[in-house]
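Each chain, written out:
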Amino acid sequence: MNLSTINLRHFRVFLAVVSSGSLATASKLLHITLSAVSKSLKELEQELGVQLLVRGRKGVQLTQAGEAFNKHAAQTMASFRLAMDDVQAVPQAPQVLKVGALPAAAGYMLAPVVAQMRERYPHVQVQVVSGLYDYLVGKLRTRELDLIVGRLIGRDMVGVSFEALYEEDLLLVVRHGHPLAQRERLTLEDLRPYVLLVSPQGSLVRISVDNFLLAQGNTEPFQIQESLSETFSRVYVHDYDGVWFVQRGVVDLDLRLGLVKQLPFTSPLLRAPIGLTSPTDRPMAEVAVQFAGLLRQWCSAQAVFQ
């Protein structure tokens, strides 16, 4: 007897025939052909080396061997169903997605996408780590992060790739009650009495700011205060009438709460690509692929309304 060829199909067919009393009824219950039912029974009896059923005009009757086999077959199928139910009842182990977020993206684009991720994939835990590029890209290379969301940095791209999703504005903002806040038209000369809060020399944001100021034909230096601290910049804006050159993502919540006001300056020089950075030495995990898909959808929707 070769038990390796007996499988659950044989058990299901046998039990269906016994419970229904005929091969024809069993075929309808199982949604298979009558010949398939007959073949399964024949294979089962051949492998066991005994006759299990006697076929007659009034249906089928169990032999003595069939009676014994039926008892254990029913127990086997019941145990199998219990095993399946127990496995499905066990909570699915959460998958962890580790996302690095540059400050400009942490709230503006990341929060709504994480909310969608939690709704669509409740078994996925999204861990968000915020920080500067050098810190985050180091964690990406050591597999402590799955991807990074934010602006293109443009340096030290070895082992990583950047996918641009949309362009983000660099804004000039002031506190809500600032003397310039109610002006509909402004020139750069109107900024000279105030300290301009900008990123340090060498940063991409600072390069954009310097190019913007030079493009306006202003050669006289402005009052500059360098800062990479969002907390310091917010305090300086609110307490000392500073004018802050800042990525929209950093102050999106401040704008929505009415804490700051955007000044009416626009320029192609004050835009930069924002997207996701991923490793090139390994494929993205499935949860990262799902997250990236939601991120692309969100960014596409923002581009439509800009």
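The shown structure was predicted, so the numbers you read here are calculated from the model rather than taken from an experiment.

A full pass over the atoms with the stated rule returns 16 salt bridges. In this structure, a network of salt bridges that share partners links the residues Glu 167, Asp 169, Arg 248 and Arg 271.

Before going further, it helps to examine a nonpolar patch on the surface. Taken together, the side chains of Leu 253, Leu 257 and Leu 259 make up a nonpolar region of the molecular surface, amounting to roughly 290 Å² of accessible area. As for its placement among the helices and strands, Leu 259 is situated in the loop between helix 10 (248–257) and strand 10 (260–262). Relative accessible area serves as the criterion here: at 39%, Leu 259 is assigned to the partly exposed category.

Counting residues in hydrophobic clusters, the biggest one holds 26 residues, and the most contacted among them are Leu 97, Val 99, Met 109, Val 149, Tyr 166 and Phe 291. Residue assignment for this core shows that the elements contributing at least two residues are strand 3 (95–101), helix 6 (110–120), strand 4 (124–130), strand 5 (147–151), strand 6 (160–175), strand 11 (271–279) and helix 11 (286–305). When residues of this core are assigned to their parent elements, the largest contribution, eight residues, is made by helix 11. Discounting chain neighbours no more than four positions away, the residues touching Leu 97 are Met 117, Val 124, Gln 125, Val 126, Gln 127, Asp 146, Val 287, Ala 288 and Phe 291. Membership of the second largest hydrophobic core comes to 21 residues, among which are Tyr 194, Val 209, Phe 212 and Leu 263.

Turning our eyes to something else, we now look at the confidence of the model for the chain. When pLDDT is averaged along the chain, the result is 86; 92% of the residues meet or exceed 70. Looking over the chain, one finds the lowest element-wise mean pLDDT in helix 5 (residues 103–106), namely 74, and the highest in strand 10, namely 96.

This next bit is on the environment of Leu 257. Of note, Leu 257 is situated in helix 10. Counting along the chain gives 11 residues from Leu 257 to Val 246, while the straight-line C-alpha distance between them is 17 Å.

A separate point is the packing of helix 2 (residues 23–30) against helix 3 (residues 34–48). Between helix 2 and helix 3, whose axes approach to 8 Å, the crossing angle comes to 110 degrees. With respect to helix 3, the element helix 2 is oriented roughly perpendicular. Along its contact with helix 2, which presents Leu 23, Ala 24, Ala 26 and Ser 27, the element helix 3 presents Leu 34, Val 37, Ser 38 and Leu 41. Of the residues assigned to the contact of helix 2 with helix 3, the class counts are six nonpolar, two polar and no charged.

Right, let's get into the pairing of strand 11. Extensive coverage of strand 11 is indicated by the burial of seven of its nine residues. Sheet topology note: the strand 5/strand 11 ladder contains four bridges and is antiparallel. Note that in strand 11 the partner of Arg 151 across the bridge is Ile 274. Relative to strand 11, strand 6 is paired through nine bridges, and the arrangement is antiparallel. Residue pairing in the sheet places Phe 162 in a bridge with Thr 277 of strand 11.

So, about the side chain of Ser 199. Turning to its location among the elements, Ser 199 is positioned in the loop between strand 7 (196–198) and helix 8 (204–215). Those residues in contact with Ser 199 that lie beyond four places of it in its chain are Val 205, Arg 206, Glu 226, Ser 227 and Leu 228.

Residue His 31 is not a glycine yet carries a positive backbone phi of 60 degrees. Secondary-structure assignment places His 31 in the loop between helix 2 and helix 3. Judged by relative accessible area, His 31 falls into the exposed class, the value being 73%.

Quick notes on the rules
Residues numbered from 1 in each chain as written. Predicted model: local features only at pLDDT ≥ 70, side-chain atom pairs only at ≥ 80, totals over all residues. Heavy atoms only, no water. Salt bridge = Lys/Arg side-chain N within 4 Å of Asp/Glu carboxyl O. Patch = residues over 30% accessible without salt bridge, like charges linked within 9 Å, V, L, I, M, F, W, Y side chains within 5 Å. Areas by Shrake-Rupley, 256 points an atom, 1.4 Å probe, with all protein chains shown as cover. Helix = DSSP H or I, 4+ residues; strand = E, 2+ residues; numbered from the N terminus. Buried < 20%, exposed > 50% of the residue type's maximum accessible area, 1.4 Å probe, protein only. Core = buried A, V, L, I, M, F, W, Y, C linked by side-chain atoms within 4.5 Å. Contact = heavy atoms within 4.5 Å. pLDDT = per-residue confidence, 0-100. Axes fitted to C-alpha atoms, helices over the stretch in contact; angles between N-to-C directions. Parallel < 35°, antiparallel > 145°, perpendicular 65-115°, else oblique. Nonpolar A, V, L, I, M, F, W, Y, C, P; charged D, E, K, R; others polar. Pairing = 2+ DSSP bridges.

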